[in-house]
Amino acid sequence: QVQLVESGGGVVQPGGSLRLSCAASGFTFSSYAMHWVRQAPGKGLDWVAVISYDGSNKYYADSVKGRFTISRDNSQNTLYLQMNSLRAEETAVFYCARAAHGSGSFWGGRFDYWGQGTLVTVSS
Amino acid sequence: DIQMTQSPSSLSASVGDRVTITCQASQDISNYLNWYQQKPGKAPKVLIYDASNLETGVPSRFSGSGSGTDFTFTISSLQPEDIATYYCQQYATLPRTFGGGTKVEIK
């Protein structure tokens, strides 16, 4: 069965860095675009970034552009999010999500599988 | 960026009631619209994709309709297990954007 398991969350000071991982299993990871979505405590869903199936194309929300880097290792079935210059207001649960095929979009359609989320707390 | 305006932000209804949530896109997104359910402490779960298609395994009391800029999500008969927050999301363009969410409670 499809599984996505995030790790790497924790407490970091403002201005600090953190790298999140998302281990995928149960499907052909190298065939799917993958996304990161975050959710601040008590708030709504906020899309962060996407990477194409082969890692050659990436796109970021304006709010994280230049500070966050999405990457993947298809040999290890793992997605990453490197986060630098973190801000206090970026405390959130970060989810990785698989984008389903068949939507007509290069970046995939619905997010059909999500990880359980990993909490990033930015605080001094 | 495409803005998704969802309403209401919260609602309270009785078991068995018909519940309707609307989502409006700031520009034409055709049918590139998904609906998710999120229960407290859990990841979102897709219920409806491409505006009106029911995800496999999702009860048929959930439905979606609409095209262009105006969309509707309906629970035909509210059940206690439907207590959750519901989000619309467009995938016509990047960045992907979500509506603000609708929290559904039992009266």
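Residues numbered from 1 in each chain as written. Chains lettered and ligands numbered in written order. Predicted model: local features only at pLDDT ≥ 70, side-chain atom pairs only at ≥ 80, totals over all residues. Heavy atoms only, no water.

Sorry if this is basic, but what is going on with the state of the cysteines here?
Such a bond, covalent and formed between the sulfur atoms of two cysteines, is termed a disulfide. Throughout the structure, instances matching the rule amount to 2 disulfides over all chains. There is a disulfide in this structure between Cys22(A) and Cys96(A), and the S-S distance comes to 2.0 Å. One quick way to see it: the torsion about the S-S bond of Cys22(A) and Cys96(A) is about 60°, and its sign makes the bridge right-handed. Placement of the pair is Cys22(A) in strand β3 (residues 18-25) and Cys96(A) in strand β9 (residues 92-99), with a sequence separation of 74 residues. Look at Cys22(A) and you get buried, because its relative accessible area is 0%. The partner cysteine of Cys23(B) in its disulfide is Cys88(B), sulfur to sulfur 2.0 Å. Across the disulfide from Cys23(B) to Cys88(B), rotation about the S-S bond amounts to roughly 65°, and the bridge is consequently right-handed. Of this pair, Cys23(B) sits in strand β3 (residues 19-25) while Cys88(B) sits in strand β9 (residues 84-90), placing them 65 residues apart in sequence. (Disulfide = S-S within 2.5 Å. Helix = DSSP H or I, 4+ residues; strand = E, 2+ residues; numbered from the N terminus. Buried < 20%, exposed > 50% of the residue type's maximum accessible area, 1.4 Å probe, protein only.)

Can you walk me through the packing of aromatic side chains in this structure?
One pass over the full model with this rule turns up 15 aromatic pairs over all chains. Ring centres of Phe111(A) and Phe98(B) lie 6.4 Å apart, and the angle between their planes is 45°; on these two criteria the pair is classed as tilted. With Phe111(A) in strand β10 (residues 111-114) and Phe98(B) in strand β10 (residues 97-98), this pair bridges two chains. A residue is classified by how much of its surface remains accessible, and Phe111(A), at 0% relative accessible area, is buried. (Phe/Tyr/Trp six-rings, centres within 6.5 Å; stacked < 30°, edge-to-face > 60°.)

Would you mind going over the sheet that holds β3(A) with me for this structure?
In sheet architecture, strand pairing relies on hydrogen bonds along the backbone and comes in two forms, parallel and antiparallel. Residues and elements named next belong to chain A. Spatially, β1-β3-β8-β7 is the arrangement adopted by the 4 strands of the open sheet, whose pairing is antiparallel. Bordering the open sheet on either side are β1 (3-7) and β7 (68-73), each of which pairs with just one other strand. Mean inter-strand twist for the sheet, computed between neighbouring axes without regard to direction, equals 15°. Relative to β3, β1 runs antiparallel, the two sharing 5 bridges. Across the sheet, residue valine 5 finds its bridge partner in β3, namely alanine 23. (Pairing = 2+ DSSP bridges. Axes fitted to C-alpha atoms, helices over the stretch in contact; angles between N-to-C directions.)

Explain the environment of Thr93(B) here, please?
Residue and element names in this part refer to chain B. Considering the arrangement of structural elements, one finds threonine 93 in the loop between β9 and β10. Overall, threonine 93 belongs to the partly exposed group, its relative accessible area being 29%. Residues threonine 93 and glutamine 27, 66 residues apart in the sequence, show an inter-C-alpha distance of 11 Å.

I keep staring at the pattern of salt bridges and nothing clicks. Help me out?
Pairing is possible between side chains that carry opposite charge, provided their charged atoms lie close to one another. Residues and elements named next belong to chain A. As enumerated under the stated definition, the model contains 9 salt bridges over all chains in all. The partner of glutamate 90 in a salt bridge is arginine 67, and the shortest N-O contact between them spans 2.4 Å. Here glutamate 90 is found in the loop between β8 (78-83) and β9, whereas its partner arginine 67 is found in the loop between β6 (58-60) and β7, with 23 residues between them in sequence. By the burial criterion, glutamate 90 is buried, and arginine 67 matches it. Close ionic contact of arginine 98 with aspartate 112 constitutes a salt bridge, the shortest N to O distance being 2.7 Å. Remark: aspartate 112 occurs in strand β10 and arginine 98 occurs in strand β9; sequence separation between them is 14 residues. Overall, arginine 98 belongs to the buried group, its relative accessible area being 7%. With relative accessibility at 15%, the residue aspartate 112 sits in the buried group. One salt-bridge network, held together by shared partners, links Arg38, Asp46, Arg67 and Glu90. (Salt bridge = Lys/Arg side-chain N within 4 Å of Asp/Glu carboxyl O.)

Where do I start with the nonpolar core in this structure?
Buried together is how nonpolar side chains tend to be arranged in soluble globular proteins. With 45 residues, the main nonpolar core has Trp36(A), Leu79(A), Leu81(A), Met83(A), Phe94(A), Phe111(A) and Phe98(B) as its most contacted residues. For this core, the secondary-structure elements that each account for two or more residues are β3, β4 (34-39), β5 (45-51), β7, β8, β9, β10 and β11 (118-122) of chain A. Excluding anything up to four places from it in sequence, Phe94(A) contacts Glu6(A), Leu20(A), Trp36(A), Val37(A), Arg38(A), Val48(A), Phe68(A), Leu81(A), Met83(A), Gly117(A), Thr118(A) and Val120(A). The next biggest cluster of nonpolar side chains, apart from the first, holds 24 residues, and it includes Trp35(B), Phe62(B), Ala84(B) and Tyr86(B). (Core = buried A, V, L, I, M, F, W, Y, C linked by side-chain atoms within 4.5 Å. Contact = heavy atoms within 4.5 Å.)

Would you explain the environment of Tyr32(B) in this entry?
Along the chain, the position of Tyr32(B) falls in the loop between β3 and β4 (33-38). Expressed as a C-alpha distance, the spacing of Tyr32(B) and Pro95(B), which sit 63 residues apart in the sequence, is 13 Å. Not counting the four nearest positions on each side in its chain, Tyr32(B) is found in contact with Ser103(A), Gln89(B), Gln90(B), Tyr91(B) and Ala92(B).

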